[in-house]
Amino acid sequence: MNFLKSVLGSSENENEPSGADTVERLVDRVESSTQLEDRRDAVRALKALSRKYRVEVGAQGMNSLIEVLQNDRADSEILGLTLDTLGNIISPDQFEEELDNPTVTCNIGEQFTEMFIKRSENVSLVLNYLEEFDFRVRWSALKLLSGLVENKVKEIQEVVLVSPMAVSKLMDLLSDSREVIRNDALLLMIRLTKGNANIQKIVAFENAFDRLFDIISQEGASDGGIVVKDCLFLMLNLLRNNSSNQQFFKEGSYIQRLAPMFLLPPEIEETGMTAEKVENLHCMLQVVRTLVSPSNSLQIISACQKTMRVCGLLEALCNILMGSGIPPDILTETLNTVGECIRSEPDSQSYFETVMAPSTPPRPAIIVLLMSMVNDKQPLSLRCAVLYCFECYLYRNDAGQNGLIQTLLPSDVQTVPSLTAGQLLCGGLFSSDSVSNWFSAVGLMHGLLENQTQKEQLLRVLLATSPDSAPVSLLTQCTTLLQQPTCKPQSKIGLLMLLSVWLSNTQVVVKSFLNSQGSIAFLIAQICANEHDENEYLIQGLCAFLMGICIQFNDNTEANHKKEDLCQLLLKRIGLETYNAKLGEVSKHESYSKAAKHPQLRVKTSTDLFLDYEFCKLFKSLEAIIIKTVHGMGSGATSITELTLSQEATGIVSQYKDVIRDQDLKIQRLTQDFEHLTKEHEELTKKFEDISTLNAQLSDQNTLLKAQLTATNNGNSTLKESETFSLPPVNPESVANDSLLLEEIEKLKKDQEDLLELLADQDSKLAKYKMKLKELGHSMSEDDEDNLN
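Residues numbered from 1 in each chain as written. Predicted model: local features only at pLDDT ≥ 70, side-chain atom pairs only at ≥ 80, totals over all residues. Heavy atoms only, no water.

## Structural notes on the overall build of the protein chain
Reasoning step 1: Per the secondary structure count, the protein chain includes 41 helices and four strands.
Reasoning step 2: Here the protein chain, with 789 residues, has 47% of them falling under the buried criterion.
Reasoning step 3: For the protein chain, the proportion of contacts with a sequence separation of at least 24, taken over those separated by at least 6, is 71%.
Reasoning step 4: Only carbon and sulfur atoms are counted for the fraction: they give 51% of the accessible area of the protein chain, which is about 39600 Å². (Helix = DSSP H or I, 4+ residues; strand = E, 2+ residues; numbered from the N terminus. Buried < 20%, exposed > 50% of the residue type's maximum accessible area, 1.4 Å probe, protein only. Contact = heavy atoms within 4.5 Å. Areas by Shrake-Rupley, 256 points an atom, 1.4 Å probe, with all protein chains shown as cover.)

## Concerning the environment of Met-115
Reasoning step 1: Mapping Met-115 onto the fold places it in helix 6 (residues 108-117).
Reasoning step 2: When the C-alpha positions of Met-115 and Gly-58 are compared, they lie 9.5 Å apart, and in sequence the two are 57 residues distant.

## Observations concerning the confidence of the model for the protein chain
Reasoning step 1: Here the protein chain averages 86 in pLDDT, while 85% of its residues score no lower than 70.
Reasoning step 2: Below a pLDDT of 50 lies the segment residues 637-645, which in the model reaches 12 contacts outside its immediate sequence neighbourhood of four places, other chains included.
Reasoning step 3: Confidence drops under pLDDT 50 across residues 716-736; counting only partners more than four residues distant or on other chains, this segment forms one contact. (pLDDT = per-residue confidence, 0-100.)

## Details of the packing of helix 15 (residues 243-251) against helix 19 (residues 298-310)
The description of two packed helices rests on the angle between their axes and on the distance between the axes.
Reasoning step 1: Between helix 15 and helix 19, whose axes approach to 10 Å, the crossing angle comes to 25°. The angle between helix 15 and helix 19 falls in the class roughly parallel. Considering the relative orientation of helix 15 and helix 19, their crossing is left-handed. Across the interface between the two elements, Ser-243, Gln-246, Gln-247 and Lys-250 from helix 15 touch Ile-300, Ala-303, Cys-304 and Thr-307 from helix 19. (Axes fitted to C-alpha atoms, helices over the stretch in contact; angles between N-to-C directions. Parallel < 35°, antiparallel > 145°, perpendicular 65-115°, else oblique. Left-handed = near helix turned anticlockwise from the far one by under 90°.)

## Some details on the side chain of Ser-140
Reasoning step 1: Turning to its location among the elements, Ser-140 is positioned in helix 8 (residues 135-151).
Reasoning step 2: Residue Ser-140 is classed as buried on the basis of its relative accessible area of 5%.
Reasoning step 3: Of the polar contacts made by the side chain of Ser-140, one reaches the side chain of Asp-84; its length is 2.8 Å.
Reasoning step 4: Among residues more than four places away in sequence, those in contact with Ser-140 are Gly-80, Leu-83, Asp-84 and Phe-135. (Polar contact = N/O pair within 3.5 Å; in protein donor to acceptor, adjacent residues only side chain to side chain.)

## Points about the packing of aromatic side chains
Between two aromatic rings, the relevant description is the distance of the centres plus the angle of the planes.
Reasoning step 1: Applying the stated criterion to the full structure yields 16 aromatic pairs.
Reasoning step 2: Seen in terms of ring centroids, Phe-545 and Phe-615 are 5.7 Å apart; in terms of plane orientation they differ by 90°. Their pairing is edge-to-face. Residue Phe-545 is found in helix 33 (residues 534-552), and its partner Phe-615 is found in helix 37 (residues 613-635); the two are separated by 70 residues along the sequence.
Reasoning step 3: Aromatic ring contacts, followed pair by pair, group Phe-205, Phe-209, Phe-213, Phe-248, Phe-249 and Tyr-254 into a single cluster.
Reasoning step 4: Seen from the ring of Trp-139, Lys-143 lies directly overhead, with NZ or CZ sitting 4.0 Å from the centre.
Reasoning step 5: Note that Arg-343 overlies the ring of Tyr-395, its terminal NZ or CZ placed 3.8 Å from the centroid. (Phe/Tyr/Trp six-rings, centres within 6.5 Å; stacked < 30°, edge-to-face > 60°. Lys NZ or Arg CZ within 6 Å of the ring centre and 35° of its normal.)

## Here's the deal with the pattern of salt bridges
Reasoning step 1: Here the structure, examined in full by the defined rule, presents 29 salt bridges.
Reasoning step 2: Among the ionic pairs, Arg-289 bridges to Glu-333, the shortest N-O distance being 3.0 Å. On the criterion of sequence distance, the pair formed by Arg-289 in helix 18 (residues 275-292) and Glu-333 in helix 21 (residues 328-342) is long-range, its members being 44 residues apart.
Reasoning step 3: Through salt bridges with shared partners, one network takes in Arg-40, Asp-41, Arg-44, Asp-75 and Glu-77. (Salt bridge = Lys/Arg side-chain N within 4 Å of Asp/Glu carboxyl O.)

## Concerning the layout of surface pockets
Reasoning step 1: Space inside the second largest pocket adds up to approximately 450 Å³.
Reasoning step 2: Forming the boundary of the second largest pocket are 26 residues, of which Lys-594, Ala-595, Arg-602, Val-603 and Asp-608 lie nearest the centre.
Reasoning step 3: Residue assignment for the lining of the second largest pocket shows that the elements contributing at least two residues are helix 24 (380-394), helix 33 and helix 36 (590-595).
Reasoning step 4: Broken down by class, the residue content of the lining of the second largest pocket amounts to 12 nonpolar, five polar and nine charged. (1 Å grid on protein atoms, 1.4 Å probe; cavity = no way out; pocket = protein on both sides within 12 Å on 5 of 7 lines; lining within 4 Å. Points joined across faces, edges and corners; volume = space filled by probe spheres on them. Nonpolar A, V, L, I, M, F, W, Y, C, P; charged D, E, K, R; others polar.)

## Remarks on the nonpolar core
Reasoning step 1: One finds Leu-145, Phe-262, Phe-352, Phe-439, Leu-474 and Leu-611 to be the most contacted residues of the largest nonpolar core, which totals 210 residues.
Reasoning step 2: If one sorts the elements of this core by residue count, helix 24 sits on top with 12 residues.
Reasoning step 3: Apart from residues lying up to four places away in sequence, Leu-611 is in contact with Trp-438, Ile-493, Met-497, Leu-538, Leu-542, Val-586, Ser-591, Tyr-592, Ala-595, Leu-601 and Cys-616. (Core = buried A, V, L, I, M, F, W, Y, C linked by side-chain atoms within 4.5 Å.)

## Things to note about the packing of helix 33 against helix 35 (residues 576-588)
Reasoning step 1: Running from N to C, helix 33 and helix 35 cross one another at 115°; their axes reach a closest spacing of 7 Å. By the angle between their directions, the pair helix 33 and helix 35 is classed as roughly perpendicular. As for the relative orientation of helix 33 and helix 35, their crossing is left-handed in sense. On helix 35, the residues that touch Tyr-537, Leu-538, Gln-540, Gly-541, Leu-542, Ala-544, Phe-545, Met-547 and Gly-548 of helix 33 are Tyr-579, Lys-582, Leu-583, Glu-585 and Val-586.
Reasoning step 2: Classifying every residue of the contact of helix 33 with helix 35 gives nine nonpolar, three polar and two charged.

## Overview of unusual backbone geometry
Reasoning step 1: Omega for the bond connecting Thr-360 with Pro-361 falls within 30 degrees of zero, at -5°, which places this linkage in the cis form.
Reasoning step 2: By the secondary structure assignment, Pro-361 is in the loop between strand 1 (356-357) and strand 2 (363-364).
Reasoning step 3: You will see that Asn-207, though not glycine, has its phi angle at about 65°, which is positive.
Reasoning step 4: Mapped onto the elements of the fold, Asn-207 is located in the loop between helix 12 (197-204) and helix 13 (208-218).

## Description of the state of the cysteines
Reasoning step 1: Counted under the stated rule, the structure contains zero disulfides.
Reasoning step 2: Cys-341 takes part in no disulfide bond, and the closest cysteine sulfur, belonging to Cys-318, lies 8.6 Å away.
Reasoning step 3: On the basis of relative accessible area, Cys-341 is assigned to the buried category, the value being 1%. (Disulfide = S-S within 2.5 Å.)

## Some thoughts on a negative patch on the surface
Reasoning step 1: On the surface, Glu-24, Asp-28, Glu-31 and Glu-67 cluster together into a negatively charged patch.
Reasoning step 2: Structurally, Glu-31 can be placed in helix 2 (residues 19-32). (Patch = residues over 30% accessible without salt bridge, like charges linked within 9 Å, V, L, I, M, F, W, Y side chains within 5 Å. Lys, Arg positive; Asp, Glu negative; His and termini not counted. Charge placed at Lys NZ, Arg CZ, Asp CG, Glu CD.)

## Looking at helix 4 (residues 54-71)
Reasoning step 1: Helix length check: helix 4, at 18 residues, gives a terminal C-alpha distance of 24 Å against a target of 26 Å (1.5 Å per residue), a fit within 8%.
Reasoning step 2: Where helix 4 bends most, at Gly-61, the angle is about 65°.
Reasoning step 3: Among all positions in helix 4, only Arg-54, Val-55, Glu-56, Val-57, Gly-58, Gly-61, Met-62, Ser-64, Leu-65, Ile-66, Val-68 and Leu-69 are buried. (Expected span 1.5 Å × (residues − 1). Bend = angle between axes of the 7 residues up to and from the residue.)

## Observations regarding a nonpolar patch on the surface
Reasoning step 1: On the surface, Leu-161, Val-162 and Ile-202 cluster together into a nonpolar patch covering about 250 Å² of accessible area.
Reasoning step 2: Within the secondary structure, Ile-202 sits in helix 12.

Here's what the structure looks like:
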């Protein structure tokens, strides 16, 4: 007490009690009063003081307040006052009344929370009061629990997991007709489910998605306000990185309930979107992306993608893309979402090809989007989103890649000239805008990924650089542009990535590149350069990588450019150690670690455009192989045969990637079939065991009946033998007892016959089940056979 007074300081009027004294007397009344009214008044006074004298009320009164919660359950008013007082004590925010109090630190609420949750029973006590329907109790308990979660979320999550029916009690709050309770419960559930997969699963299986969609519908769907946004936030928490809930969401037909929310009314073109509509659409798009994120399992992604296409959700998203009056941020996020909805899903990719833009004349949506990508007037975020969507369209899409390259090849068919995807990319590749160069190079690169045929086909592409000069190949034009002094670093990086993908695993393209004038000399000069700029370091590393590809996939048919020749050139001009150091600059660059994390491009400014996700995958797969080849050739320890075999093995691995993916899908299906058959086998085994037990019981009963019958027959024979020696006087009662004995014998004989018939029928059934078990591969031991027989 003296300590508290020294902290608070003495009052100006010595006769006036200090805040600490007042709190002490009130706490004493709470503890000692026998009348409920007195305790209630004392708690009411403590609540009034808890905002200004939080330290005193918390330090002296917390235990007493907890006792009130334990003992005064019947009075709603005192319960509500107590819960409110505790809520003020642990509040994470500072009250206006205590701003001038130097003893109150910013984390005082967190310290009192630690005191409160030292006993998990205290949290369970608050959870139990959520069941009270009285507004004063339920809302106050909800606010107290929200404060506890905000201060110590992980600790409260652990208590919730071990408290019986805790999640059910929380979920019931979402059905409360009083909006303030329902809305506060939503906010609490958002905090409580964040980062805890176990709570997420329990909440989802407590019909959370049904309740959330019901609330969204009541609040006006995508046109609703902040409550709809909160529901979508909670949905995101339940689905993000949680494969179990994603599967549950798909199987529960919730994707079908989500699809109509993306349908926009026609008048949206004139009226535009409200701020609430924009925020809700953004959250809805995040929900969709959570289901088809490339980081999910392939099985979940494929299932969700097919459902989205069938139920019309993909169509609705494409309509938003081609609609008018769509805000730029929604358009950007929709592009990213459409990309992940069609990525590696053939039917969805084919549908995307057919989407037409409402232009005059109508054009494919892909063309309109690529026009935006190569237009330097468009926002960077939009251009990045178009590239990501285009990459997803081409991902593992041989038909799409073939269609792209075909638009660049000469054709004998006379058609009306029209702008094509290939022409747009080539135009952007050689434009004066370095950002367009980079976007176009990466877009064209994705048309060649894991597609040897199109790499060779692209060699046939000829470009007319000027009216007076002869056409040159696209490969020659790329190498020529790369060597120009005016070529900016961003353009060089894009071209080097394109060439690396184009040449990898394709000997005929490597041969054409080696024949390009000055190509090898340029690479050697770049690797030897001593520039100290980070971007130049990256360019040198990319040149070293391209040089390594020329060695690794060289068919040794070009004079002066065979593997040995190129390796000797590296040894004389650069040296193995320097070459290794330059090659390692790629993976050391900051952009490499960022790009390798996710297929989507995430940059803030155009100067951050460096490496692409798929290129990083290629670099990672070939770096060690190239180093081994160059070192082997340089030291003379590796023969041409060994290198050729290594090269062929690399090509085989690339060719069989698709086969392995198909086998993975088949294995998944066979695993499901196996689980089904295993379950059926277990059921049949259980039936077999039950029948065996029943058979043993029937055999025991039959043995017992036989013994009883034998005993009865023996007794009857003894009686007849005694009659021959001595005939007692006739007794009517004795004669009657002998009517009864014969009837019992006849009854036992009949029961025995019935049992024999039942056993015969049972043997027939057992034979059938034995055959069934053998068909399923279940083997029976000799003991099992003996028991059955």
